[in-house]
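# Examination of the molecular architecture
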Amino acid sequence: MEVNAERVNNMYGSFDNVEDYVSFYTRKHNLDEYLNLIKETKEAIDIPVIASINCITPDEWVEFARKIEKAGADGLELNMFIMPNDPKFDGPTIEKIYFDVAENIQKHIQIPVALKLGTYFSGLAKTFIELSKSDLSAMVLFNRFYSPDINLEKEEIQATHIFSNPEDVSNSLRWIGILSDQVDCDLAASTGVHDGNAVIKNILVGAQATQVVSAIYRNSSSFIKNMLMQIEDWMKKKGYEKLDDFRGKLSQARATQPMMFERAQFMKYYSNFDDSEY
Ligand SMILES: Cc1cc2nc3c(=O)[nH]c(=O)nc-3n(C[C@H](O)[C@H](O)[C@H](O)COP(=O)(O)O)c2cc1C
């Protein structure tokens, strides 16, 4: 299936003015730095290096991806997000762009590709299950976006907190739990993974991997050691030798309370509300 670049360029505006050219030029220079970072990292460490780029239009990422593969990356994550704010475009039109990218990925590069996705899909389960049947190796649930807040003093729009909170992990727990037994590719959890317990929880619902960003920014990369120790301690206590021993044990298909993944209302909670629980 051919990627319809014209349609997407219409959605994003074409690169025909100075500002767009400057932004493209800046990105190219950032890319050169990024390619060097991949090469240096590959030389310095023994674990796989997964590169990550933002996919703004279906065509633009291809050139970047080829260079990233050549630089030695073992895998590529494509952060793909189309803000569904333009009333001219309905859900299927926007979703088709994700499918066009997913179905074309392996025509351009050999290394495995993961698509990092947001939550703005009306038929999320069906869309993600269909996406998983394409060439994708994995999907990352979910990206966390730069979002608006209001400064009441200045009465201005400003960015909300850049870092996530530990409670944010529930979104990936819900959807990885619902989808992990239904998709044809790996699922990785992202957003709100702030300690080893959050890693364990995501693996229990079926994640193959978890990503950590805010916790590392807040605590430095040495914090990963603490997370690993927490995971190892828990596994020892429970008698698990490897992650696969408990991976997916609490997915929706296998959990004893599968409805907990679908429950959305607080009504029952409030009808039994007890101050001491809070
Ligand atoms: C300082 C900072 C910079 C980020 N830059 C990017 C970026 O360039 N592209 C992107 O797709 N996500 C970016 N993210 C989002 C992270 O990749 C991740 O999706 C998000 O922080 C949620 O994960 P966390 O809860 O572990 O922080 C950034 C996050 C932070 C905190």
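Residues take numbers from 1 onward in each chain, read along the sequence in its written order. Given that the model is predicted, a residue must reach a pLDDT of at least 70 before its local features are reported, and side-chain atom pairs must reach 80 or more before they are shown or counted; all residues, however, enter totals for whole chains, interfaces and linings. No hydrogens and no water enter the side-chain calculation; it runs on all heavy atoms of the structure.

Strands are runs of DSSP state E lasting at least two residues, helices are runs of H or I lasting at least four, and both sets are numbered from the N terminus onward. A helix is expected to reach a length of 1.5 Å times the quantity of its residues less one. For helix 4 (residues 91-108), which comprises 18 residues, the first-to-last C-alpha distance of 27 Å matches the rise-based estimate of 26 Å (1.5 Å per residue) to within 8%. Relative accessible area decides the class of each residue, using a 1.4 Å probe on protein chains only: under 20% of the type maximum gives buried, over 50% gives exposed, and in between gives partly exposed. Taken as a whole, helix 4 has its buried residues at I94, E95, I97, Y98, F99, D100, V101, A102, N104 and I105.

Here we take up the pairing of strand 4 (residues 138-141). The two faces of a sheet get side chains in turn, since along a regular strand they alternate between them. Here strand 4 shows two buried faces, one formed by A138 and V140 and the other by M139 and L141. Two strands are counted as paired when DSSP detects at least two bridges linking them. Where strand 3 (residues 113-117) meets strand 4, 4 bridges bridge the pair, whose relative direction is parallel. Counterpart to L115 in the pairing with strand 4 is M139. Sheet analysis places strand 4 next to strand 7 (residues 186-189), joined by 4 bridges and oriented parallel. When the bridges of strand 7 are listed, V140 appears paired with A188.

This part is about the side chain of S251. As for its position among the elements, S251 is in the loop between helix 9 (223-238) and helix 10 (267-271). A residue is classified by how much of its surface remains accessible, and S251, at 0% relative accessible area, is buried. In this structure, S251 is in contact with G177, S180, D181, L204, V205 and F261, ignoring residues within four places of it in sequence. Contact definition: two residues touch when any of their heavy atoms are within 4.5 Å.

Our next topic: a positive patch on the surface. Only residues above 30% relative accessible area that lack a salt bridge enter a patch, with like-charged residues linked at up to 9 Å and the nonpolar side chains Val, Leu, Ile, Met, Phe, Trp and Tyr linked at up to 5 Å. Surface exposure here means Shrake-Rupley accessible area, sampled with a 1.4 Å probe, where a residue is shielded only by the protein chains that are shown. Here, a salt bridge means any side-chain nitrogen of Lys or Arg that lies within 4 Å of a carboxyl oxygen of Asp or Glu. Counted as positive: Lys and Arg. Counted as negative: Asp and Glu, with His and the chain ends omitted from the count. Here the site of a charge means atom NZ of a Lys, CZ of an Arg, CG of an Asp or CD of a Glu. On the surface, a cluster of positive charge is made up of K237, K238, K249 and R254. Its location among the elements puts K237 in helix 9.

Lines fitted to C-alpha atoms define the axes, with helix axes restricted to the stretch in contact, and inter-axis angles between N-to-C directions lie between 0 and 180 degrees. With their axes 10 Å apart at the nearest point, helix 4 and helix 5 (residues 124-132) run at an angle of 20 degrees to one another. Judged by the inter-axis angle, helix 4 sits roughly parallel to helix 5. For the pair helix 4 and helix 5, the crossing hand works out as right-handed. Across the interface between the two elements, E95, Y98, F99 and A102 of helix 4 pack against T127, E130 and L131 of helix 5. Any residue that is not Ala, Val, Leu, Ile, Met, Phe, Trp, Tyr, Cys, Pro, Asp, Glu, Lys or Arg is counted as polar, Gly included; the first ten are nonpolar and the last four charged. Taken together, the residues that form the contact of helix 4 with helix 5 break down as 4 nonpolar, 1 polar and 2 charged. Comment on the angle field: the value is read as roughly parallel under 35 degrees, roughly antiparallel over 145, roughly perpendicular from 65 to 115, and oblique elsewhere. Handedness of a crossing is defined here by the sense of rotation of the near helix relative to the far one, left-handed for an anticlockwise turn of less than a right angle and right-handed for a clockwise turn.

Turning our eyes to something else, we now look at helix 6 (residues 169-179). Inspection of helix 6 places V169, S172, L173, I176, G177, I178 and L179 among the buried residues, and these make up the whole buried set. Buried residues in helix 6 make contact with helix 5, strand 4, strand 7 and helix 7 (196-204).

Attention shifts here to the site of the ligand. Neighbouring residues of the ligand: 15 residues in total, closest N79, S164, G192, V213 and S214. At 3.0 Å, a side-chain N or O of N54 approaches an oxygen atom of the ligand. Contact distances for the ligand include 2.6 Å between an oxygen atom and a side-chain N or O atom of N79. Classifying every residue of the shell around the ligand gives 5 nonpolar, 8 polar and 2 charged. A cutoff of 4 Å decides nearness: a residue is near a molecule or strand if any of its heavy atoms lies inside that distance of it. Any pair of nitrogen or oxygen atoms within 3.5 Å is treated as a polar contact; in protein, a donor-acceptor pairing is required on top of that, and neighbouring residues in sequence qualify only through side-chain atoms on both sides.

So, on to the layout of surface pockets. One water molecule sets the probe size; rolling that probe over the atoms shows where empty space is left. By volume, the largest pocket amounts to about 1600 Å³. Lining the largest pocket are 44 residues, with P48, I50, T210, Q211 and V212 positioned closest to its centre. With 6 residues, the single largest contributor to the lining of the largest pocket is helix 9. Residues of the lining of the largest pocket, tallied by class, amount to 29 nonpolar, 10 polar and 5 charged. In this analysis the probe radius is 1.4 Å and the grid spacing 1 Å, with only protein atoms considered; a cavity is a set of points the probe fits into but cannot get out of, a pocket is an open set with protein on both sides within 12 Å along at least five of seven lines, and lining residues have an atom within 4 Å of a point. Grid points are joined across faces, edges and corners, and a volume is the space filled by probe spheres set on the points.

With parallel pairing, the 6 strands of this open sheet are ordered in space as 1-2-3-4-7-8. Every interior strand has two partners, whereas the edge strands, strand 1 (50-55) and strand 8 (209-210), have only one. Against the sheet, helix 3 (residues 60-70) engages strand 1 and strand 2 (75-80), with an angle of about 170 degrees to strand 1. The sheet contacts of helix 4 involve strand 1, strand 2 and strand 3, and relative to strand 2 the element is tilted by about 165 degrees.

Before going further, it helps to spend a moment on the pairing of strand 5 (residues 148-151). Pairing geometry for strand 5 and strand 6 (residues 156-159), over 4 bridges, is antiparallel. Counterpart to P148 in the pairing with strand 6 is A159. Taking the residues between adjacent antiparallel strands as the criterion, strand 5 and strand 6 are bridged by 4 residues, where E155 takes a positive phi near 50 degrees.

Stacked, edge-to-face and tilted labels apply to pairs of Phe, Tyr and Trp rings (six-membered ring for Trp) whose centres lie within 6.5 Å, assigned for plane angles under 30 degrees, over 60, and everything in between, in that order. Enumeration over the complete set of coordinates arrives at 9 aromatic pairs. Seen from their ring centres, F121 and F128 are 5.1 Å apart, and the 80 degrees between their planes marks the pair as edge-to-face. Taken individually, F121 and F128 each receive the classification buried, so the pair is uniform in this respect. Aromatic rings pair up to connect Y98, F121, F128 and F142 into one cluster.

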